[in-house]
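Summary of the model geometry
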Amino acid sequence: MKKFLLVSIISLLAIFAAACSGDKANEGSTGSGEKASDDKPVIIKFSHVTSIDSVKGQAADHFAKLVEEKTGGKAKVEVYPSSQLYGDNDELDALVSGNVHMIAPSVTKMVKLDPRWQYVDMPFLFNDQEHARKFFESDVAQTLLNSDKLAANDIMGLAFWENGFKHFTNNKHALKNPEDFKGLKFRAQAGKVLEAQFQALGAGSATIAFGETYAALQQGTVDGQENTYNNIDTQKYQEVQKYMTLSEHGRLDYAIFVNKPFWESMPEDIRTQVEEALKEATELEWQLASDENAASLDNIKNSGKVEVLELTAEERQALIDALQPVYDEFTETITPELIDGIRGLQ
Ligand code: LMR
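Residues numbered from 1 in each chain as written. Predicted model: local features only at pLDDT ≥ 70, side-chain atom pairs only at ≥ 80, totals over all residues. Heavy atoms only, no water.

**A word on the pairing of strand β1 (residues 42–47)**
In summary, the side chains of a regular strand alternate between the two faces of the sheet. Across the six residues of β1, five count as buried, placing the element largely inside the fold. Where β1 meets strand β2 (residues 75–80), six bridges bridge the pair, whose relative direction is parallel. Bridge pairing in β2 links I44 to V77. Read as a crossover between parallel neighbours, the route from β1 over helix α2 (residues 55–70) to β2 is right-handed. As paired strands, β1 and strand β3 (residues 102–103) are joined by two bridges and run parallel to one another. The residue of β3 that forms the bridge with S47 is I103. (Buried < 20%, exposed > 50% of the residue type's maximum accessible area, 1.4 Å probe, protein only. Helix = DSSP H or I, 4+ residues; strand = E, 2+ residues; numbered from the N terminus. Pairing = 2+ DSSP bridges. Right-handed = clockwise from strand over helix to strand, strands pointing away.)

Here it is, written out as structure tokens:
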């Protein structure tokens, strides 16, 4: 009887201890959808590298607001801008490991997992903004978002976000003809395609994280860089660059990626509401890309610090011709299907 009592007391104590430790594990908000309840919202950590006033920064904050509204606070998006949590070198790894749940990188940075994402760097592949948007909504774009290579790394692509066309800047001299690039060194985002692009123009390049680019330009580690009006303006490159050529030679666009196990662990109703929020945020993001890039071009011009050069049709054609070797070298890697698929959308 004594033994029976002792065993019962020990069992009761064990149950009590387990209950207490369970409370502890669920304290505060949770990053896992499975544990979501009324008082413990699902937390979606969203990391990105641009500033809060950039196209991506504004859209990410708007998405966070929509998620809060649509889920009635059952899910919250914590946005970490300006590489404050993870930068170019580690945000993809952080997504794969589940340390963040959502990122919106410039797609060329996905080269680590799938080299086809460098489609975006193929010189003069897109004619205009409308062409880029047709691509975002196309089946070819979906094949990239749903690729096995992403799934194998526990990642899902949900949507394309836009930024715009890239333009060259530098602080040595005006860039009009391919020969003007000779001997200059440029900052590149990632990947072999951009390296080959600068090589074809007789220039050198260095891969430098976005968060370190201003300092690299200021200190002369590199002479120039290529980016959209809005990234140039919101990073204040006009303070450290003297010349900008309106080249529109390549695109810089984003895709939204989520950690798949996290995404699938969310209760279905919440996930549907988050999807709706993303759809609305994406519409706004596209609009912001147009408006903010136009405003940024004005800001750069009005700063009076940068000489802005337009290209004649002949100068543009000379650049297209000089960059042909990039197609010779990389069409197989990017795949003819993808390149022809994009061209076919014009
Ligand atoms: C860059 O590195 O220049 C861009 O990818 C930054 C960004 O996210 O727009």
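**Quick look at the site of the ligand**
Neighbouring residues of the ligand: 13 residues in total, closest K56, K109, R187, Q189 and Y254. Residue Q189 places a side-chain N or O atom 2.8 Å away from an oxygen atom belonging to the ligand. The side chain of Y254 places a nitrogen or oxygen atom 2.5 Å from an oxygen atom of the ligand. In isolation the ligand has 270 Å² of accessible area, and contact with the protein removes 100% of it. Its atoms largely coinciding with the cavity grid, the ligand occupies the largest cavity. (Near = heavy atom within 4 Å. Polar contact = N/O pair within 3.5 Å; in protein donor to acceptor, adjacent residues only side chain to side chain. Areas by Shrake-Rupley, 256 points an atom, 1.4 Å probe, with all protein chains shown as cover. 1 Å grid on protein atoms, 1.4 Å probe; cavity = no way out; pocket = protein on both sides within 12 Å on 5 of 7 lines; lining within 4 Å. Sits in = over half its atoms within 2 Å of the grid points.)

**Some details on the layout of surface pockets**
In this model, the largest pocket occupies a volume close to 300 Å³. The wall of the largest pocket is formed by 13 residues, among which L158, A159, F160, K279 and T282 lie closest to the centre. Contributing elements (two or more residues each) for the lining of the largest pocket: α5 (139–145), β4 (155–170) and α11 (268–303). Looking at which element gives the most residues to the lining of the largest pocket, the answer is α11, with six residues. Of the residues that constitute the lining of the largest pocket, the class distribution is seven nonpolar, two polar and four charged. Approximately 190 Å³ is the volume found for the second largest pocket. (Points joined across faces, edges and corners; volume = space filled by probe spheres on them. Nonpolar A, V, L, I, M, F, W, Y, C, P; charged D, E, K, R; others polar.)

**A look at empty space enclosed by the protein**
In this approach a probe as big as a water molecule rolls over the atoms, and the regions it shows empty are the leftover space. With the rule as written, the count across this model stands at three cavities of 30 Å³ or more. Taken as a whole, the largest cavity spans an internal volume of roughly 60 Å³. Around the largest cavity sit V49, T50, K56, S106, K109, R187, Q189, F210, N227, N231, L252 and Y254, which together line it. Of the residues in the lining of the largest cavity, the class split is four nonpolar, five polar and three charged.

**Brief notes about the packing of helix α7 (residues 192–200) against helix α13 (residues 324–334)**
Between α7 and α13, the least distance of the axes is 10 Å, while the angle of their chain directions is 170°. Viewed along their axes, α7 and α13 adopt a mutual orientation that is roughly antiparallel. Across the interface between the two elements, K192, V193, A196, Q197 and A200 of α7 pack against V326, E329, F330 and I334 of α13. Residues that form the contact of α7 with α13 fall into these classes: six nonpolar, one polar and two charged. (Axes fitted to C-alpha atoms, helices over the stretch in contact; angles between N-to-C directions. Parallel < 35°, antiparallel > 145°, perpendicular 65-115°, else oblique. Contact = heavy atoms within 4.5 Å.)

**Brief notes about the nonpolar core**
Membership of the largest hydrophobic core comes to 53 residues, with the highest contact counts inside it found for W117, Y119, M122, F135, F160 and F257. Ignoring sequence-local partners within four residues, the contact set of F160 consists of V107, W117, Y119, F135, F136, A141, L145, Y254, A255, T282 and W286. With 31 residues, the next largest nonpolar core counts F63, A64, L252 and I270 among its residues. (Core = buried A, V, L, I, M, F, W, Y, C linked by side-chain atoms within 4.5 Å.)

**So, the side chain of D233**
Tracing the chain through its elements places D233 in helix α9 (residues 229–234). An unpaired buried charge is present at D233: no salt bridge exists, and K236, the closest side chain of opposite charge, is 6.3 Å distant. Setting aside anything within four residues of it in sequence, one finds D233 in contact with Q238, S296, N299 and I300. (Lys, Arg positive; Asp, Glu negative; His and termini not counted. Salt bridge = Lys/Arg side-chain N within 4 Å of Asp/Glu carboxyl O.)

**Concerning the packing of aromatic side chains**
Within the structure shown, the criterion is met by 16 aromatic pairs. Consider the rings of Y119 and F126, whose centres lie 6.1 Å apart with planes at 65°: the pair is edge-to-face. With relative accessibility at 1%, the residue Y119 sits in the buried group. Taken together, a centroid distance of 4.7 Å and an interplanar angle of 10° make the contact between F186 and F198 stacked. With F186 in strand β5 (residues 185–188) and F198 in helix α7, this pair connects stretches of sequence that are twelve residues apart. Its relative accessible area of 0% is what places F186 among the buried residues. Classification of F198 by relative accessible area gives buried; the value is 0%. Cluster of aromatic residues (ring-pair linked, three or more members): W117, Y119, F126, F135, F136, F160, F257 and W286. R251 extends its terminal NZ or CZ atom over the ring of F165, reaching a point 4.6 Å from the ring centre. (Phe/Tyr/Trp six-rings, centres within 6.5 Å; stacked < 30°, edge-to-face > 60°. Lys NZ or Arg CZ within 6 Å of the ring centre and 35° of its normal.)

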